[in-house]
Amino acid sequence: MPAGELRYPSPPASTTPQLPQTNNSNGDETWVWAQIKAEARRDAESEPALASYLYSTILSHSSLERSLAFHLGNKLCSSTLLSTLLYDLFLNTFSSDHSLLAASVADLRAARVRDPACVSFSHCLLNYKGFLACQAHRVAHKLWSESRRPLALALHSRIADVFAVDIHPAAKIGKGILFDHATGVVIGETAVIGNNVSILHHVTLGGTGKACGDRHPKIGDGVLIGAGATILGNVKIGEGAKIGAGSVVLIDVPARTTAVGNPAKLVGGKETPAKHEECPGESMDHTSFISEWSDYII
């Protein structure tokens, strides 16, 4: 094994991998890219049927941004939107704005640490459509902010078609984001998502009607949004809040509280809601509140 490349086995579902931290984003990207290449070599050796695929998507590239640009270009191309055009678009965008690549690395780390089904960084890079949709959206958002809106909307359409994830290119998304499973996620034009947020499948951050202007939710850092939750309107979900699966949220949710139900109510009540100390967007704790909230038994 080459010097500096660490390998570790896939963790059991009950454990969280402890990933080393570096002092700067460049070092973090270098370390993660080294892991991805080592994992790809290992997988190519153990499964020769994938060797050509792994070489073309990872091992033949000199950097993470080139690998990611190549993979996204091939995923999102069509008969009229060529992979070579998309490759150049993605590569130029990632290369010109280092913050986009840093956010991609943070998203890779988020999936590796928070999702027990994520067996490696390379698995996330190649196969997690939530991760891929998020990285493609970052490029679409960059295009939108540069007033290249027809191209941003064309890319948005391809992302929705291919990944079943519909994020308007104007929506603002932080880093360390996990779209777990991701199918059916819808995020509206004026939505804002903070850092270290985890969102499960079939979540909607939408508007309430035909009103224009600032009309979509604002999600604070460290928020966890459970599967099938719907948050509508220009409401604020406070830092570290938790939205239970299937909930419908129409008003603000205070920081470090849990909202569940349809319509959603705060666990502990509106006047004295129960507070939690952990960051649910990172802990992925969906159910610890139930014993305090419900007398439901089987």
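Residues numbered from 1 in each chain as written. Predicted model: local features only at pLDDT ≥ 70, side-chain atom pairs only at ≥ 80, totals over all residues. Heavy atoms only, no water.

Enquirer: Can you walk me through the packing of aromatic side chains in this structure?
Expert: We describe a pair of aromatic rings using the distance from one ring centre to the other and the angle between the two ring planes. Overall, the coordinates contain 1 aromatic pair when judged by the stated rule. Where W31 meets F121, the ring centres are 5.9 Å apart and the plane angle is 90°; that geometry is what we call edge-to-face. Of this pair, W31 sits in helix α1 (residues 25-46) while F121 is found in helix α6 (residues 121-127), placing the two residues 90 residues apart along the sequence. Judged by relative accessible area, W31 falls into the buried class, the value being 12%. (Phe/Tyr/Trp six-rings, centres within 6.5 Å; stacked < 30°, edge-to-face > 60°. Helix = DSSP H or I, 4+ residues; strand = E, 2+ residues; numbered from the N terminus. Buried < 20%, exposed > 50% of the residue type's maximum accessible area, 1.4 Å probe, protein only.)

Enquirer: What's the story with the packing of helix α3 (residues 64-76) against helix α4 (residues 83-96) in this structure? I'm lost.
Expert: When two helices pack together, their arrangement is given by the angle between their axes and by how far apart the axes lie. Interaxial distance between α3 and α4 falls to 8 Å at its minimum, and their mutual angle equals 145°. Judged by the sense of rotation from one axis to the other, the crossing of α3 with α4 is right-handed. Within the contact between the two elements, α3 uses E65, R66, L68, A69, F70, L72, G73, N74 and L76 and α4 uses S83, L86, Y87, F90, L91, F94 and S95. Partitioned by chemical class, the residues of the contact of α3 with α4 number 10 nonpolar, 4 polar and 2 charged. (Axes fitted to C-alpha atoms, helices over the stretch in contact; angles between N-to-C directions. Left-handed = near helix turned anticlockwise from the far one by under 90°. Contact = heavy atoms within 4.5 Å. Nonpolar A, V, L, I, M, F, W, Y, C, P; charged D, E, K, R; others polar.)

Enquirer: In this structure, what is going on with the side chain of H71? I would like to understand it.
Expert: By the element assignment, H71 lies in helix α3. At a separation of 2.9 Å, a polar atom in the side chain of H71 contacts the main-chain carbonyl oxygen of L126. Leaving out residues up to four positions away in the same chain, H71 has contacts with Y53, T57, L125, L126 and L132. (Polar contact = N/O pair within 3.5 Å; in protein donor to acceptor, adjacent residues only side chain to side chain.)

Enquirer: Help me understand helix α5 (residues 98-114), please; the structure alone is not making it clear to me.
Expert: One turn of an α-helix holds 3.6 residues; hence residues three or four places apart share an orientation. Spanning 17 residues, α5 covers 24 Å between terminal C-alpha atoms, matching the ideal 24 Å at 1.5 Å per step. Burial analysis of α5 places 14 of its 17 residues in the buried class, which makes it a mostly covered element. (Expected span 1.5 Å × (residues − 1).)

Enquirer: Is there a simple way to think about the sheet that holds strand β12 (residues 242-243) in this case?
Expert: Sheet strands pair via backbone hydrogen bonds, and the direction of the pair is either parallel or antiparallel. If you trace the 6 strands from one edge of the open sheet to the other, you get β3-β6-β9-β12-β14-β15, paired in mixed fashion. With one partner strand each, in any of the chains shown, β3 (178-180) and β15 (265-266) form the two edges of the open sheet. Across 2 bridges, the pairing between strand β14 (residues 258-260) and β15 is antiparallel. Considered in β15, the bridge of V260 is made with K265. (Pairing = 2+ DSSP bridges.)

Enquirer: Looking at this structure, I do not really get the sheet that holds strand β8 (residues 218-219). What am I missing?
Expert: One open sheet accounts for 4 strands, arranged β2-β5-β8-β11; its pairing is parallel. On the outer flanks of this sheet lie β2 (172-173) and β11 (236-237), each paired with one strand and no other. Judged from the 2 bridges that link them, β2 and strand β5 (residues 192-193) form a sheet pairing that is parallel. Within the sheet, the bridge partner assigned to I173 lies in β5 and is I193.

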